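What the coordinates show
One letter stands for each residue in the lines below.
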Amino acid sequence: MEEGKECLTMKIEDPDFECNITAVVGFVSPENQPNNFLMQHNAKKNGWDIPGGHCDEGESPKEAFIREAFEETNAIIIPEACHEIARLDFENGTGIAVFDAQCQDGNFSPINQVESDGGIDEVLTFSMHEAVELYFGNKELFGSLIKIVIDSHQMRKGSTTTA
């Protein structure tokens, strides 16, 4: 996040909430590792991040996230297991949609990087704790988002065990 740019994390509770979503990020768990997340190493920034990017024209945030996750990690997102869990709303009127998603097990690697400036050179899975330690951005915000992911997982587990 740019210095001086304030954001507000919002848990998705109101389906009518609107802001100008221009980018997406998300936490992707392989089917056989539900408590781990895919992270990608950015060679240029020399740090670890989660999949994400900008929305293309006419693309919904969910479609953009599914596309970005595939391009950056080779993860095939399960659409029914891809949920928007938060939005970061910036003072300039733009926003980032945050997703919690599950993907098919597979060979994770960067496959379609359009960045010619170094970009992603490795994709690995990490535990939630490791992810917070390795993330190269705002660790406090990242930790808060992981807490929302944990709540989201627990809510879905509760709804499937009581159904």
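Our subject is the structure listed above.
Here goes a summary of the coordinates provided. (Residues numbered from 1 in each chain as written. Predicted model: local features only at pLDDT ≥ 70, side-chain atom pairs only at ≥ 80, totals over all residues. Heavy atoms only, no water.)

1. A few points about the pattern of salt bridges
- Scanning all chains against the criterion turns up five salt bridges.
- Glutamate 59 is paired through a salt bridge with arginine 67; the nearest N and O atoms lie 2.8 Å apart. When sorted by exposure, glutamate 59 lands in the same class as arginine 67, which is buried.
- When the shortest N-O distance is used, the salt bridge between glutamate 68 and arginine 67 registers 3.1 Å.
- Looking at glutamate 68, the relative accessible area reads 9%, which means it is buried.
- Residues participating in the shared-partner salt-bridge network are Asp56, Glu59, Arg67, Glu68 and Glu71. (Salt bridge = Lys/Arg side-chain N within 4 Å of Asp/Glu carboxyl O. Buried < 20%, exposed > 50% of the residue type's maximum accessible area, 1.4 Å probe, protein only.)

2. Focus on the environment of lysine 139
- Assignment of secondary structure puts lysine 139 in helix 3 (residues 139-162).
- Residue classification places lysine 139 among the partly exposed residues on the basis of a relative accessible area of 40%.
- In contact with lysine 139, not counting residues within four places along its chain, are Val132, Glu133 and Leu134.
- From its side chain, lysine 139 meets the backbone oxygen of glutamate 133 in a polar contact 2.7 Å long. (Helix = DSSP H or I, 4+ residues; strand = E, 2+ residues; numbered from the N terminus. Contact = heavy atoms within 4.5 Å. Polar contact = N/O pair within 3.5 Å; in protein donor to acceptor, adjacent residues only side chain to side chain.)

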